[in-house]
Amino acid sequence: CNLQPKDAAKMPESAWKLLFYTLSWSYGIYLLFFTDYPFFHDPPSVFYGWKKGMDVPRDISIAYLLQSSFYGHSIYATAYMDTWRRDSVVMLLHHVVTLTLISFSYAFRGEWWGEVSSLLASSWAVNPLCSLCLHRFWFRLYWFPLKVLYATCYSSLQSVPNIPFYFFFNALLLVLTLMNIYWFLYIVLFVAKVLLGQLQEVSDVREYDVEDSNKE
């Protein structure tokens, strides 16, 4: 493939993430669009009839097992295995926040908005590079607030006035939203550099320059 050494070193990481996100996103699509669950089209229904100790459907439990396993591994991989980038600290925080949300949403039976969050978060990984900017905006900065934050910040109180850990969950979801904005700005920077002719070859703007690496 005539890959440069630095690109070849990143190939296993990229291939693994592409495989996982493709499978995860496909399973999320199946759950939300090819079953009788109405939660994507009607986000407030997540909280209809909510009560403590509700049974979690087996297909949702499988999705949570996959997601929690992946993000648990990703915390270790980001810290010790993956190429260190400018956003690696933010990425590490993202994985910790996401794993916390997955664990607590499952424990307190908020699994449906957790599954919608996972679907919207992983969707960008299976789209072509040319449409990455549009998809990142559409899924993470438009649908995520519209589908997830609306349901958790507003609809939850309408259906369950005393829902537990309201501020805890929404604070973490807002942190994820800020991270989504942060990464979207990286994509905008990349597109701007391409349009202005500042990139001689396609490269990850999150990576440190060779000169910076040598100084370190």
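Residues numbered from 1 in each chain as written. Predicted model: local features only at pLDDT ≥ 70, side-chain atom pairs only at ≥ 80, totals over all residues. Heavy atoms only, no water.

Going by what an unreviewed UniProt entry lists, the protein chain is known as CERS1 synthase and is assigned to Urocolius indicus. The record in UniProt for the protein chain states the following under Catalytic activity (unreviewed entry): "sphinganine + octadecanoyl-CoA = N-(octadecanoyl)-sphinganine + CoA + H(+)". (UniProt positions renumbered as here; feature names shortened; annotations may be inferred.)

Chemist: Which residues make up the UniProt feature "transmembrane region" (unreviewed entry) in the protein chain, and what are the values?
Modeler: UniProt marks residues 18-40, 60-77, 89-108 and 165-191 with the feature "transmembrane region" (unreviewed entry), using the numbering shown here. Summarising residues 89-108: 95% helix, 0% strand, and an end-to-end C-alpha distance of 28 Å. Between the C-alpha atoms that bound residues 165-191 there is a distance of 39 Å. The span itself is 96% helix and 0% strand. (Helix = DSSP H or I, 4+ residues; strand = E, 2+ residues; numbered from the N terminus.)

Chemist: Lay out the packing of helix α2 (residues 58-80) against helix α3 (residues 88-107) with the relevant residues and their values.
Modeler: Relative to each other, α2 and α3 sit at 155°, their axes nearing to 9 Å. In terms of their interaxial angle, α2 and α3 are classed as roughly antiparallel. The two elements α2 and α3 meet at a crossing, and its hand is left-handed. Counting all contacts with α2, which are made through S61, Y64, Q67, S68, Y71, G72, S74, I75, T78 and A79, the residues of α3 involved are S88, M91, L92, H94, H95, V96, T98, L99, I102, S105 and Y106. Taken together, the residues that form the contact of α2 with α3 break down as 10 nonpolar, 11 polar and no charged. (Axes fitted to C-alpha atoms, helices over the stretch in contact; angles between N-to-C directions. Parallel < 35°, antiparallel > 145°, perpendicular 65-115°, else oblique. Left-handed = near helix turned anticlockwise from the far one by under 90°. Contact = heavy atoms within 4.5 Å. Nonpolar A, V, L, I, M, F, W, Y, C, P; charged D, E, K, R; others polar.)

Chemist: So what about the nonpolar core? Which residues, and what values?
Modeler: Of all hydrophobic cores here, the largest spans 13 residues; its most connected members are V97, L101, F144, L173, L176, M179 and W183. Of all the secondary structure elements, the ones that give two or more residues to this core are α3, α5 (132-159) and α6 (166-195). Formed by 11 residues, the second largest nonpolar core is a distinct cluster that contains Y21, I60, L99 and I102. (Core = buried A, V, L, I, M, F, W, Y, C linked by side-chain atoms within 4.5 Å. Buried < 20%, exposed > 50% of the residue type's maximum accessible area, 1.4 Å probe, protein only.)

Chemist: Go over the packing of α3 against α6 with me, naming the residues and quoting the values.
Modeler: Where α3 contacts α6, the axes come no closer than 10 Å and their chain directions differ by 145°. Our pair here, α3 against α6, has a crossing hand that is left-handed. Of α6, the residues touching α3 (which contributes V90, M91, L93, H94, V97, T98, T100, L101, F104 and S105) are F168, F169, L172, L173, V175, L176, M179, Y182 and W183. When its residues are assigned to classes, the contact of α3 with α6 shows 15 nonpolar, four polar and no charged.

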